[in-house]
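Reading the structure
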Amino acid sequence: MADGTLNNKRLFDGTYRVTPVEGPFETPESKNVDVRGRKVTTVEFTVTPYISFSNVSIVREGLGVRATFTLQKNISSSIPQDYIVFVTPKTPYVGTIAYETNLSTGSVSITNDDFGKPISVLLSENYESGKTYYVRIGARCENASGRYNYTEVVSIQM
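Residues numbered from 1 in each chain as written. Predicted model: local features only at pLDDT ≥ 70, side-chain atom pairs only at ≥ 80, totals over all residues. Heavy atoms only, no water.

Here three strands make up an open sheet; going across it, the order is S5-S6-S9 and the pairing antiparallel. With partners counted over all chains shown, the strands left at the sheet margins are strand S5 (51-61) and strand S9 (118-123), one partner each. Averaged over all neighbouring strand pairs, the angle between strand axes comes to 15°, with direction disregarded. Here six bridges tie strand S6 (residues 64-73) to S9, and the two strands are oriented antiparallel to one another. Opposite Ala67, over in S9, you have Val121 as the bridge partner. (Pairing = 2+ DSSP bridges. Helix = DSSP H or I, 4+ residues; strand = E, 2+ residues; numbered from the N terminus. Axes fitted to C-alpha atoms, helices over the stretch in contact; angles between N-to-C directions.)

Before going further, it helps to spend a moment on the side chain of Ser78. Positionally, Ser78 belongs in the loop between S6 and strand S7 (80-88). In this structure, Ser78 is in contact with Tyr50, Lys73, Cys141 and Asn143, ignoring residues within four places of it in sequence. (Contact = heavy atoms within 4.5 Å.)

Within this structure, the stated rule accounts for five salt bridges. The partner of Arg36 in a salt bridge is Asp34, with the nearest N and O atoms 3.9 Å apart. We note a salt bridge from Asp82 to Arg140, for which the minimum N-O separation is 2.8 Å. Of this pair, Asp82 sits in strand S7 while Arg140 sits in strand S10 (residues 132-141); the two residues are 58 residues apart in sequence, bridging distant segments of the chain. Arg140 carries the same exposure label as Asp82, and that label is buried. (Salt bridge = Lys/Arg side-chain N within 4 Å of Asp/Glu carboxyl O. Buried < 20%, exposed > 50% of the residue type's maximum accessible area, 1.4 Å probe, protein only.)

This part covers the pairing of S5. The pairing of S5 with S6 spans nine bridges and is antiparallel. The residue bridging Val59 from the neighbouring strand is Arg66, located in S6. The hairpin turn running from S5 into S6, its antiparallel successor, is two residues long, and Gly62 in that turn takes a positive phi close to 65°.

With that out of the way, let us pick up the packing of aromatic side chains. Overall, the coordinates contain seven aromatic pairs when judged by the stated rule. An aromatic cluster is built from Phe86, Tyr99, Tyr148 and Tyr150, whose rings are joined through pairwise contacts. Against the face of Tyr150 rests Arg136, its NZ or CZ located 3.9 Å from the ring centre. (Phe/Tyr/Trp six-rings, centres within 6.5 Å; stacked < 30°, edge-to-face > 60°. Lys NZ or Arg CZ within 6 Å of the ring centre and 35° of its normal.)

As structure tokens, then:
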């Protein structure tokens, strides 16, 4: 699920070895999980994201949106790829699957030199007055299986 949960009601009772893989994070150690009697089983993993954000500000500017942020590289071996400021008026679950290309930045390449420095982007003034837009920033590394690390979603009323 989008919130990191997994729901599988077709597991037999038993002990399973669980490992989160192919995410925008360094793969953590596996854990053994006992599944018994159709009860909800909770397993929590602490992961280290390839990229994180600091000093994030996403605000309305006129009939546009200004996104300001600083990228932090958390895994020294990760290879930076790009970021996108995702925008949509359709759903608060804005991201790679739900965004409007004409309102978002498109893919912006990043290098190791971009980490630790403030980035500021003014998105188009094509937003409609009276609408609510959902905005968040995603950044990824080449070794993240194509997945983005994200900021929190911000809603902007035009």
